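Examining the three-dimensional arrangement
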Amino acid sequence: MTRVLWDVDTQVDFVHRDGRLAVPDSEAAVPAMARLVDWARREGVPHVASADDHELTDDEISETPDYRTTYPPHCLRGTRGAEKIPETAQLDPVPLGLGAVDERWLRGREFLLLKKHFDVFTNPNADRLLVLLDPVEVIVFGVATDVCDDAAIRGLLARGRSVTFVEEASRGLDASRTASCLADWRAAGVRFAQVEGIVS
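Residues numbered from 1 in each chain as written. Predicted model: local features only at pLDDT ≥ 70, side-chain atom pairs only at ≥ 80, totals over all residues. Heavy atoms only, no water.

Moving on, we get to the overall build of the protein chain. On a plain count of helices and strands, the protein chain comes out with six helices and seven strands. When its helices and strands are written in sequence order, the protein chain yields β-α-α-β-β-β-α-β-α-β-α-β-α. Taking 16 Å as the expected radius of gyration for a compact globule of 200 residues, we find that the protein chain reaches 15 Å, a close match to that expectation. Seen through its C-alpha atoms, the protein chain measures out along the principal axes to roughly 45 × 40 × 30 Å. Expressed as a percentage of the 200 residues in the protein chain, the buried residues total 55%. Across the protein chain, every contact between residues at least 6 apart in sequence was considered, and the portion connecting residues at least 24 apart equals 73%. Per element, the accessible surface of the protein chain, about 9,100 Å² overall, is 51% carbon and sulfur. Placing the 23 positive and 34 negative side-chain charges of the protein chain at their respective mean positions leaves the two points 4 Å apart. (Helix = DSSP H or I, 4+ residues; strand = E, 2+ residues; numbered from the N terminus. Rg over C-alpha atoms; globule rule 2.2 N^0.38 Å. Buried < 20%, exposed > 50% of the residue type's maximum accessible area, 1.4 Å probe, protein only. Contact = heavy atoms within 4.5 Å. Areas by Shrake-Rupley, 256 points an atom, 1.4 Å probe, with all protein chains shown as cover. Lys, Arg positive; Asp, Glu negative; His and termini not counted. Charge placed at Lys NZ, Arg CZ, Asp CG, Glu CD.)

Next comes the structure, spelled out in structure tokens:
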């Protein structure tokens, strides 16, 4: 049975309280995030991570953000804020930007999907990787629940994938919007699990 751990944007700017776009209470989720990544590494489960890779010219970046389609500068390429936090950092990932990559490079156990938009499936390599791995279950965690997690989960469901969400290893930007996302996912058949249930 193929399972995939899908790590959404666990980057310094989102997770650390001094990050440029810090998601409230994210640091409290770090131990749970670390346990999931350690489990995947130990069990040989593919670890697919997405990461914002912004430049100041990107459409999503704005000095007057609406926090729905535009956001203040964050995860700018080459900055500390764009780095994954140490607890979820990959050891030897295959980096996948927006350009087409020959399938011979799509091998390994760790993949890093770089993106300019909150929806990971705007990176065409996300679809290609999903088809190649062909998981029976995609275990999702990360930040922010109501933005990038939501886009990833909706994208996975639209592609007919079975999704499990680990809430204790995730946090949202807006409480009411997060609650709405969780309710929508439940109605769509997303399974909710605790870290302990995954790693054991």
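Text resumes after the structure shown.
Time to look at the sheet that holds strand β2 (residues 47-52). A sheet is described by the order of its strands in space; here seven strands give the open sequence β3-β4-β2-β1-β5-β6-β7, paired in parallel fashion. Each of the sheet's edge strands pairs with one partner strand only, and the pair in question is β3 (94-96) and β7 (191-192). Bridge analysis of strand β1 (residues 3-8) against strand β5 (residues 137-143) gives six bridges, and the strand direction is parallel. Counted as the bridge partner of R3 is E137 from β5. Across the sheet, helix α2 (residues 30-43) touches β1, β2, β4 (110-115), β5 and β6 (163-171), and the angle it forms with β5 is around 145 degrees. (Pairing = 2+ DSSP bridges. Axes fitted to C-alpha atoms, helices over the stretch in contact; angles between N-to-C directions.)

Where burial is concerned, most of β2 is hidden: six out of the six residues are buried. In β2, alternate side chains face the same way, and those of H47, A49 and A51 on one face and V48, S50 and D52 on the other are all buried. Direction of pairing for β1 relative to β2: parallel, over a ladder of four bridges. In the sheet register, D7 faces β2, and the bridge partner there is A49. Bridge count for β2 against β4 is six bridges, and the pairing is parallel. Of the residues in β4, the one forming a bridge with A51 is L114.

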